[in-house]
Amino acid sequence: PKKRALLPIKNFHCSRSFIRFIKKKPFEVTINKKFEEVIHQCATINRKNTWINNIIEKKFIELYEEGYAHSIECWTDNNLEGGIYGVSLGSCFFAESMFSKKTNASKYALIHLVSRLWKLDYKLLDVQFVNDHLIQFGVYEITRDEFRNKINHYLKKTRDFYSFDQSKE
């Protein structure tokens, strides 16, 4: 595309009301506990049409098995309520899709993703395009050439998505 949308990692915007919501810790958060289920839910929950077909699901599961794709899941009472998945390369994270069965679950997963990326010093969070949902978080667009320059630079800066975890969950 001529333009690409990014979310700021260091200057991510979160409303005061959502910060209050976060402090209540309404969800348990896990990483890569149910990757296959997250991608499947992203394809089916609240969607009439989706670009996530069986071939794409299989390819992303292969990327997950190779350690490149990751999911963040939000749970209540052992029920998967929301999540986000994407691909980590270098110091870039390419968010692909998210879903929510319960109000604010996908936002909560996104906040946890951004927090992880910030703590691990990732440099770029690609979200592909601007939409109404992402505007509240400070999404912005850059040109194709700017995007290429950034990813060419940031792909060289290796990050470990798990580097502060005791174990891979």
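You'll find the structure just up there.
Please read all numbers here as calculations on a predicted model, not as lab measurements.

Undergrad: Would you mind showing me how to read the packing of helix 1 (residues 16-23) against helix 4 (residues 105-119) here?
TA: The description of two packed helices rests on the angle between their axes and on the distance between the axes. Packing of helix 1 against helix 4 brings their axes to within 11 Å, and their N-to-C directions diverge by 85°. Comparing the axis directions of helix 1 and helix 4 gives the class roughly perpendicular. Seen from helix 1, the contacting residues are Phe18, Phe21 and Ile22; seen from helix 4, they are Lys107, Tyr108 and Ile111. Classifying every residue of the contact of helix 1 with helix 4 gives five nonpolar, no polar and one charged.

Undergrad: So what exactly am I meant to see when it comes to the layout of surface pockets here?
TA: If a probe the size of a water molecule is rolled over the atoms, the empty space left behind becomes visible. Considered as a void within the structure, the largest pocket measures approximately 280 Å³ in volume. In terms of lining residues, the largest pocket is bounded by 14 residues, among which Glu96, Ser97, Met98, Phe129 and Asn131 are the most central. Taken together, the elements giving at least two residues each to the lining of the largest pocket come down to strand 5 (92-100), strand 6 (124-128) and helix 5 (132-135). Top contributing element to the lining of the largest pocket by residue count: strand 5, with four residues. The residue inventory of the lining of the largest pocket, partitioned by class, reads eight nonpolar, four polar and two charged.

What counts as what
- Residue numbers run consecutively from 1 along every chain, following the written order of its sequence.
- Under the rules for a predicted model, residues below a pLDDT of 70 receive no local features and side-chain atom pairs below 80 are neither given nor counted, while totals for whole chains, interfaces and linings still include all residues.
- Just so you know, side-chain values use all the structure's heavy atoms and leave hydrogens and water out.
- Axis angles are defined between N-to-C directions and span 0 to 180 degrees, where every axis is a line fitted to C-alpha atoms and, for a helix, only to the segment in contact.
- Helix numbering and strand numbering both begin at the N terminus, where a helix is a DSSP run of H or I of at least 4 residues and a strand a DSSP run of E of at least 2.
- For classification, angles of less than 35 degrees are called roughly parallel, those exceeding 145 degrees roughly antiparallel, those between 65 and 115 degrees roughly perpendicular, and all remaining angles oblique.
- Note on contacts: a residue pair qualifies if any of its non-hydrogen atoms lie within 4.5 Å across the two residues.
- Each residue is assigned to one of three groups, with Ala, Val, Leu, Ile, Met, Phe, Trp, Tyr, Cys and Pro labelled nonpolar, Asp, Glu, Lys and Arg labelled charged, and all others, Gly among them, labelled polar.
- The pocket and cavity definitions rest on a 1 Å grid over protein atoms only: a 1.4 Å probe that fits but cannot leave marks a cavity, an open set with protein on both sides within 12 Å along at least five of seven lines marks a pocket, and residues lining either have an atom within 4 Å of a point.
- Grid points are joined across faces, edges and corners, and a volume is the space filled by probe spheres set on the points.

Worth remembering: the numbers are spatial, not functional.
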